[in-house]
Amino acid sequence: MHYKRILLKLSGEALMGERQYGIDPKRLAEYAEEIKSVVDHGIELAIVIGGGNIFRGVSGASRGMDRVQGDHMGMLATVINGLALQSALEDAEIQTRLQSAIKINEVAEPFIRRKAIRHLEKGRVVIFGGGTGNPYFTTDSAAVLRAIEINADVILKGTRVDGIYNADPEKDKKATKFDFISFEDVIKKGLKVMDTTAFTLSQENELPIVVFDMNTPGNLLRVVTGENIGTKVNL
Ligand code: UDP
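These numbers were taken from a predicted model, which means no experiment stands behind them.

What follows deals with the nonpolar core. Within the largest apolar cluster, 66 residues are counted, with the highest numbers of intra-cluster contacts made by Ile6, Leu7, Ile35, Leu45, Ala46, Ile47 and Ile155. Look past the residues within four positions of Ile155 in its chain and what remains in contact with it is Leu7, Lys9, Ala143, Val144, Ala147, Ser202, Leu207 and Ile209.

Put into structure tokens, the structure is as follows:
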């Protein structure tokens with residue numbers, strides 16, 4: 001195996017599947033199978049889940065809502081997604097723990113770094129909900145933060161595109177994909193991988209990011225075994 005401990009970032013929107021809003025149980029079950037395939041190989045896996053399929057603070061603010069209030073709603077949305085993912089993983093007979101950055105003790109464990117690491121060592125999948133616990137951040141920043149805290153080898157950003165391109169592949173047919181790219185080149189070329197806060201945190205801590213297509217069955221395991229799919233951002 002190429003990596004021993006990984007942090008998988010899944011956006012909230014990924015959970016929508018074919019829907020316009022909310023959670024698609026079929027998609028969740030598919031992701032659970034993907035996750036099971038890597039856990040069965042003894043990989044330690046933590047997951048940060050987004051909330052964009054339910055609520056985003058910025059979109060609330062654009063309609064006149066107080067931004068912090070909206071961000072609190074967004075953070076709660078990530079906890080809802082975390083609970084849904086936890087159920088799907090349990091249905092696939094994967095042991096999981098949900099840890100939340102905001103205290104919601106009847107529903108999820110609080111985030112405690114040492115406990116999270118202990119769960120991983122015991123083979124449990126740890127889902128981190130609640131983002132960073134602070135407004136004005138994103139779950140990409142939470143993903144990088146948690147990855148550094150638990151000493152993950154890499155962040156795997158599962159998306160619906162198969163990597164980082166020099167232009168938007170959904171708009172420009174001539175766009176070409178990078179297999180590898182440096183943090184510096186991503187910034188120089190103005191490419192979007194994560195928001196700037198998340199991206200520079202990853203760069204400063206020398207934490208590589210792999211962007212890959214999570215919706216093709218078998219891809220998660222392919223990345224973990226070191227197959228050259230997606231795009232790897234490294235120093
Ligand atoms: N959020 C926040 N602080 C965090 C992480 C998330 O306030 O540390 C809120 C923010 O409003 C954000 C929403 O939660 O819009 C959902 O997270 P995000 O947009 O990152 O989800 P994704 O795009 O991955 O689905």
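The structure having been displayed, the exposition proceeds.
Taken together, 24 residues lie near the ligand, and Gly50, Gly52, Gly57, Gly74 and Gly131 sit nearest. Every element with two or more residues in the shell around the ligand is listed here: helix H2 (57–62), helix H3 (67–91) and helix H5 (139–149). Looking at the shell around the ligand, the element that brings in the most residues is H3, giving 6 residues. When the residues that make up the shell around the ligand are grouped by side-chain class, the tally is 6 nonpolar, 15 polar and 3 charged.

With that settled, the discussion passes to the UniProt feature "binding site: UMP" (unreviewed entry) in the chain. According to UniProt, the feature "binding site: UMP" (unreviewed entry) maps to Gly51, Asp71, Thr132, Gly133, Asn134, Pro135, Tyr136, Phe137, Thr138 and Thr139 in the numbering used here. Separation in sequence by 89 residues is not matched in space for these annotated residues, since their most distant C-alpha atoms are only 14.0 Å apart. If you trace the backbone, Gly51 turns up in the loop between strand E2 (44–49) and H2. Residue position: Tyr136 is located in the loop between strand E5 (125–129) and H5.

Along the chain, Lys188 turns up in helix H6 (residues 183–188). A count of 10 C-beta atoms within 10 Å places Lys188 in the exposed class. In sequence terms Lys188 and Val58 are 130 residues apart; their C-alpha atoms lie 26 Å from each other.

Counting buried positions along H5 yields 9 of 11 residues, so the element is predominantly enclosed. Tucked into the core, H5 has its buried residues touching strand E1 (5–10), E2, H3, E5, strand E6 (154–159) and helix H7 (196–204).

Further remarks concern the packing of H5 against H7. Two elements in contact, H5 and H7, have axes whose closest approach is 8 Å; the angle formed by their N-to-C orientations is 15°. Overall, the two elements H5 and H7 adopt an arrangement that is roughly parallel. For H5 against H7, the interelement crossing comes out left-handed. Judged by residue contacts, Asp140, Ser141, Ala143, Val144 and Leu145 of H5 engage Thr197, Ala198, Leu201 and Ser202 from H7. Classifying every residue of the contact of H5 with H7 by side-chain character gives 5 nonpolar, 3 polar and 1 charged.

Rules and cut-offs
- Residues numbered from 1 in each chain as written.
- Predicted model: local features only at pLDDT ≥ 70, side-chain atom pairs only at ≥ 80, totals over all residues.
- Core = buried A, V, L, I, M, F, W, Y, C linked by C-beta atoms within 7 Å.
- Buried ≥ 20, exposed ≤ 12 C-beta atoms within 10 Å, placed from the backbone.
- Contact = placed C-beta atoms within 7 Å.
- Near = placed C-beta within 6 Å.
- Helix = DSSP H or I, 4+ residues; strand = E, 2+ residues; numbered from the N terminus.
- Nonpolar A, V, L, I, M, F, W, Y, C, P; charged D, E, K, R; others polar.
- UniProt positions renumbered as here; feature names shortened; annotations may be inferred.
- Axes fitted to C-alpha atoms, helices over the stretch in contact; angles between N-to-C directions.
- Parallel < 35°, antiparallel > 145°, perpendicular 65-115°, else oblique.
- Left-handed = near helix turned anticlockwise from the far one by under 90°.

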